[in-house]
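Residues per chain are reported as follows:
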Amino acid sequence: LVAGNFSSVNGTNRAGVVRLSADGSIDPTFVPQAPAGSEILSILQMGLQPNGGLVGGINGVFRLNPDGSLDTQFAPGLEAVNSLTVQSDGQFLISVEFFDRTADAYLDEVLRFQANGVIDPAFSSPVLNDWVNVMAVQPDGKIVIGGYFTLADGGAQNGIARLHPDGRLDTAFDVGAGLQGTNAAVFALVLQPDGKVV
């Protein structure tokens, strides 16, 4: 599966997402459909749930069935999704941006949804001062996040941080004594089998 800011592939209309066969040819059985009033373009993130449904983010989140048709029963009702990752149990994590009138600033947070698109009220994420670009879930359920942010719940966390499985900030995860993070944004994360983070 390939997603991005395109409207066709080799002359075939495939707005934003296409499924390719092993030889690189377009899979004609997968024809993506857009939600009403929108286009499947500029997909920033996507992930596969265990049931095969595709979750994509473009100014919101929607799910496609294995044939590309829109799953109309799935409607989390989100906008401005920056990153997305699917957990092994089918639940998924999304980072979103919102305007805080009290702080007079845009802030970000990570939300967790059940596999059916209903928000998980037990998940409590720290408030971040900028975008989360990428997330990775460790085998123990902890979540490593990377992005433009420099603060998490008011404390210095430059570009990278880790959350407990319930969303709380893991203050034991400190990637740099004193600096507490990177000096620029993080765009990709990979977890090694030994638990180390690249």
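Note that the structure is predicted; figures quoted are calculated from it, not measured.

**Quick look at the overall build of the chain**
- Counting secondary structure elements, the chain contains zero helices and 15 strands.
- Here the chain, with 198 residues, has 44% of them falling under the buried criterion.
- Considering only contacts within the chain whose residues lie at least 6 apart along the sequence, 36% involve residues at least 24 apart.
- Element-wise, carbon and sulfur atoms account for 52% of the exposed surface of the chain, whose accessible area totals about 10,200 Å².

**So, the pairing of strand 10 (residues 105–113)**
- Here strand 9 (residues 92–100) pairs with strand 10 via nine bridges, running antiparallel. Each residue of the ladder has a partner; that of D100, found in strand 10, is A105.
- Hairpin connection from strand 9 to strand 10: four residues lie between these consecutive antiparallel strands, with D104 at a positive phi of about 55°.

**Some thoughts on unusual backbone geometry**
- Notably, N10 is not glycine yet its phi reads approximately 50°, a positive angle.
- Relative to the helices and strands, N10 resides in the loop between strand 2 (8–9) and strand 3 (12–13).
- What makes N10 exposed here is its relative accessible area of 75%.
- Even without being a glycine, D153 presents a positive backbone phi close to 50°.
- With respect to the helices and strands, D153 occurs in the loop between strand 13 (151–152) and strand 14 (155–156).

**With respect to the sheet that holds strand 9**
- Strands sit in the order 8-9-10 across an open sheet of three strands; the sheet is antiparallel. Each end of this open sheet is capped by a strand with a single partner; those strands are strand 8 (81–86) and strand 10. Each neighbouring strand pair of the sheet contributes to a mean axis angle of 25°, computed without reference to strand direction.
- Taken together, the five bridges between strand 8 and strand 9 define a ladder with antiparallel strand orientation. The partner of V86 across the bridge, within strand 9, is F92.

**Points about the pattern of salt bridges**
- Applying the stated criterion across every chain yields a total of six salt bridges.
- Here D170 and K142 are joined by a salt bridge, their closest N and O atoms 3.2 Å apart. In this pair, D170 is assigned in the segment after strand 15 (160–163) and K142 in the loop between strand 11 (132–137) and strand 12 (143–147), connecting sequence segments 28 residues apart.
- Residue D170 is classed as buried on the basis of its relative accessible area, which comes to 3%.
- We classify K142 as buried; its relative accessible area is 19%.
- Here the salt bridges share partners, and the residues they tie into one network are K142, R162 and D170.

**Brief notes about the confidence of the model for the chain**
- This prediction gives the chain a mean pLDDT of 85; 90% of its residues lie at or above 70.
- Of all secondary-structure elements in the chain, the lowest mean pLDDT belongs to strand 6 (residues 54–57), at 71, while strand 12 reaches the highest, 95.

The rules behind each value
Residues numbered from 1 in each chain as written. Predicted model: local features only at pLDDT ≥ 70, side-chain atom pairs only at ≥ 80, totals over all residues. Heavy atoms only, no water. Helix = DSSP H or I, 4+ residues; strand = E, 2+ residues; numbered from the N terminus. Buried < 20%, exposed > 50% of the residue type's maximum accessible area, 1.4 Å probe, protein only. Contact = heavy atoms within 4.5 Å. Areas by Shrake-Rupley, 256 points an atom, 1.4 Å probe, with all protein chains shown as cover. Pairing = 2+ DSSP bridges. Axes fitted to C-alpha atoms, helices over the stretch in contact; angles between N-to-C directions. Salt bridge = Lys/Arg side-chain N within 4 Å of Asp/Glu carboxyl O. pLDDT = per-residue confidence, 0-100.

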